[in-house]
Amino acid sequence: QVQLVESGGGLVQAGESLRLSCAASISFFSIYAMAWYRQAPGKQRELVAMITSNRSTNYTVSVKGRFTISRDNAKKTVYLQMNSLKPEDTAVYYCNTVTSALANRNWGQGTQVTVSS
């Protein structure tokens, strides 16, 4: 049973930073590509950042240069460092394995990020 617990969200002003964490109860965590997704009100969930098992990373264009995804395999945790936040970053942020996300399963409760202008 996969369980994902996101934390670290909050209310910040534009230009500030937040660090999200995702604790995963997954066997063999290190072999999985992990990703952060977000869903803004009235919009579909979108991929924000991904990190592979060998720590290669990819980002959606709108967050490149501002967000950094990382992982700690010993802690089975994925992080998303978000700098220079903008109001358009406001959303509920979720993490998941890429495989589970494609199958639309194992989503956690997410963590709310609200950026005020």
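The residue numbers shown here count from 1 along each chain, following its written sequence. The predicted origin of the model limits local features to residues at a pLDDT of at least 70 and limits the giving and counting of side-chain atom pairs to 80 or more, whereas totals for whole chains, interfaces and linings rest on all residues. The side-chain figures draw on all heavy atoms in the structure; neither hydrogens nor water molecules are used.

On to the sheet that holds strand 1 (residues 3–7). On the basis of which strands lie adjacent, the open sheet formed by 4 strands has the order 1-3-8-7 and antiparallel pairing. Looking at which strands have only one partner, the edges of the open sheet turn out to be strand 1 and strand 7 (67–72). Across the sheet, the axes of successive neighbouring strands diverge by a mean angle of 15°, strand direction being ignored. With 5 bridges connecting them, strand 1 and strand 3 (residues 18–25) associate as antiparallel partners. Bridging from a neighbouring strand, Val5 pairs with Ala23 of strand 3. Here the rule is simple: two strands pair whenever DSSP picks up at least two bridges between them. Strands are runs of DSSP state E lasting at least 2 residues, helices are runs of H or I lasting at least 4, and numbering of each runs from the N terminus. All axes are obtained by fitting lines to C-alpha atoms, using only the stretch in contact for helices, and the reported angles, taken between N-to-C directions, cover 0 to 180 degrees.

Ordered by their spatial adjacency, 6 strands build an open sheet running 2-10-9-4-5-6, and the pairing between neighbours is mixed. The strands lining the two open edges of the sheet, one partner per strand, are strand 2 (10–13) and strand 6 (57–59). In this sheet, adjacent strand axes meet at a mean angle of 25° when their direction is disregarded. Inspection of the sheet shows strand 2 paired to strand 10 (residues 111–116) by 4 bridges, in the parallel sense. Bridge pairing links Val12 to Val115 in strand 10.

Such a bond, covalent and formed between the sulfur atoms of two cysteines, is termed a disulfide. In what follows, a disulfide is any cysteine sulfur pair within 2.5 Å. Taken as a whole and assessed by the stated rule, the structure comprises 1 disulfide. The residue that forms a disulfide with Cys22 is Cys95, at a sulfur-sulfur distance of 1.7 Å. Remark: Cys95 occurs in strand 9 (residues 91–97) and Cys22 occurs in strand 3; sequence separation between them is 73 residues. For Cys22, a relative accessible area of 1% translates into the label buried. Only protein chains enter the accessibility calculation, which uses a 1.4 Å probe; a residue is then buried when its area is under 20% of its type maximum, exposed when over 50%, and partly exposed in between.

Counting buried residues along strand 4 (residues 34–39), 5 of its 6 residues qualify, which places the element largely inside the surrounding structure. One ladder, built from 5 bridges, connects strand 4 with strand 5 (residues 46–51); its direction is antiparallel. Its bridge partner being in strand 5, Met34 is matched across the sheet by Ile51. Counting the residues that bridge the hairpin from strand 4 to strand 5 gives 6 residues, and of these Gly42 lies at a positive phi of roughly 75°. Note: strand 4 against strand 9, 6 bridges, orientation antiparallel. Residue pairing for strand 9: Gln39 is matched across the bridge by Val92.

Inside soluble globular proteins, nonpolar side chains tend to come together where they are buried. Formed by 25 residues in total, the largest nonpolar core has its most connected members in Trp36, Val48, Phe67, Leu80, Met82 and Tyr93. Those elements that provide at least two residues to this core are strand 3, strand 4, strand 5, strand 7, strand 8 (77–82), strand 9 and strand 10. Setting aside residues up to four positions removed in sequence, Tyr93 forms contacts with Glu6, Leu20, Trp36, Tyr37, Arg38, Val48, Phe67, Leu80, Met82, Gly110, Thr111 and Val113. If you look at the next biggest cluster of nonpolar residues, it comprises 5 residues, including Ala35, Tyr37, Val98 and Ala101. Nonpolar cores are built from buried Ala, Val, Leu, Ile, Met, Phe, Trp, Tyr and Cys residues. Side-chain atoms within 4.5 Å join them into one set. In what follows, a contact means two residues having at least one pair of non-hydrogen atoms within 4.5 Å.

Any functional reading would require information beyond the geometric quantities listed.
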